[in-house]
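Next come the chains, spelled out residue by residue.
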Amino acid sequence: KQALHRAAEDRSPPVALAAAGELLALGETKYFEPVQRAVQSPDESVRAAGLGAAGRAPAGAAAADAKRLLRAALVDSSEKVRLAAALQLAAQRDPSGVDELKRAVAHGGAEAQPALAALVRLGTSPQAQLQKMAVVNSRFRLLGEFFGRYSFAGFLQYMKTGKKGNLVVVDFQFSTSDIL
């Protein structure tokens, strides 16, 4: 516990906020004030880390204040901050951030997986987003299998004849060593 107290005083906001969150979870509400300041930071990473710490506040007055901070962050200008708030609310079984979670799943990328898990935890069925992800993943898998079996020249021939479906390459890059 002493190490957490020292870490909560660290100069690095992510370290200090992670420690403050753990101390909040242990019931030490004096660390809620630095978390509140972090949520007001101009730096989106600090705001997101502050929301992560706020979400660790146990039941009581600090938890009610934390929930207010999290709900207010759902309208933040930063997508990263809105998602951090939505994930923390979902962990508390609060559906306030469902729209933001659905947006993250539809957007894809690294944020899609935790957002999808949060939606499932809330009992929300993101059927349309799952179908979209499945189609995109199957197309990339098809493209990978094709390149694994055929040469680039074979791929160009395939594109020219258009046999066996419609395969479209959005962005294809190769170096001169691939051609020579």
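Residues numbered from 1 in each chain as written. Predicted model: local features only at pLDDT ≥ 70, side-chain atom pairs only at ≥ 80, totals over all residues. Heavy atoms only, no water.

## Notes on the overall build of the protein chain
Note the following rule: Helix and strand labels come from DSSP, where a helix needs a run of H or I of at least four residues and a strand needs a run of E of at least two; each type is numbered from the N terminus. Relative accessibility under 20% of the residue-type maximum defines a buried residue, over 50% an exposed one, and the middle range a partly exposed one, all with a 1.4 Å probe and only protein chains included. Here the open area of atoms and residues is found with the Shrake-Rupley method and a 1.4 Å probe, where only the protein chains shown may cover a residue.
Secondary structure summary: the protein chain contains 11 helices and 0 strands in total. Ordering the α and β elements of the protein chain from the N terminus gives α-α-α-α-α-α-α-α-α-α-α. Taking all 180 residues of the protein chain together, the buried fraction comes to 34%. Split by element, the accessible area of the protein chain, about 11,400 Å² in all, is 54% carbon and sulfur.

## Examining the environment of Asp 99
Tracing the chain through its elements places Asp 99 in helix H7 (residues 98-107). Separated by 16 residues in sequence, Asp 99 and Leu 83 have C-alpha atoms that sit 9.8 Å apart.

## Topic: the packing of helix H3 (residues 32-39) against helix H5 (residues 61-72)
We count it as follows: For helices, the fitted axis covers only the stretch in contact; all axes are lines through C-alpha atoms, and the angles between them, taken along N-to-C directions, range from 0 to 180 degrees. Roughly parallel means an angle under 35 degrees; roughly antiparallel, over 145; roughly perpendicular, 65 to 115; everything else is oblique. In what follows, a contact means two residues having at least one pair of non-hydrogen atoms within 4.5 Å. Here the term charged refers only to Asp, Glu, Lys and Arg, the term nonpolar to Ala, Val, Leu, Ile, Met, Phe, Trp, Tyr, Cys and Pro, and the term polar to all other amino acids, Gly among them.
One can describe the packing of H3 onto H5 by two numbers: an axis separation of 11 Å at closest approach and a directional angle of 5 degrees. Classified by the interaxial angle, the pair formed by H3 and H5 is roughly parallel. Mapping the contact onto sequence places Phe 32, Gln 36 and Val 39 in H3 and Ala 62, Asp 65, Ala 66 and Leu 69 in H5. Of the residues that constitute the contact of H3 with H5, the class distribution is 5 nonpolar, 1 polar and 1 charged.

## Regarding the nonpolar core
Applied cut-off: By nonpolar core is meant a set of buried Ala, Val, Leu, Ile, Met, Phe, Trp, Tyr and Cys residues that side-chain atoms within 4.5 Å join together.
In this structure, Tyr 31, Phe 32, Val 35, Leu 51, Ala 85, Leu 101 and Ala 115 are the most contacted members of the largest nonpolar core, which totals 38 residues. Looking at this core, the elements that each hand over two or more residues are helix H2 (13-25), H3, helix H4 (44-54), H5, helix H6 (79-91), H7 and helix H8 (112-122). In terms of residues, this core owes the most to one element, H6, which gives 7 residues. If we skip the residues at most four places from it in the chain, Phe 32 touches Leu 24, Ala 54, Ala 62, Asp 65, Ala 66 and Leu 69.

## Quick word on the confidence of the model for the protein chain
Short version of the rule: Residue-level confidence of the predictor is what pLDDT reports, using numbers from 0 through 100.
Across the protein chain, the average pLDDT comes to 77, with 69% of residues at or above 70. The secondary-structure element of the protein chain with the lowest mean pLDDT is helix H11 (residues 176-179), recorded at 40, while H6 shows the highest, at 95. In this model, residues 145-180 is a region of pLDDT below 50 whose contacts with residues beyond four sequence positions or in other chains number 19 contacts.

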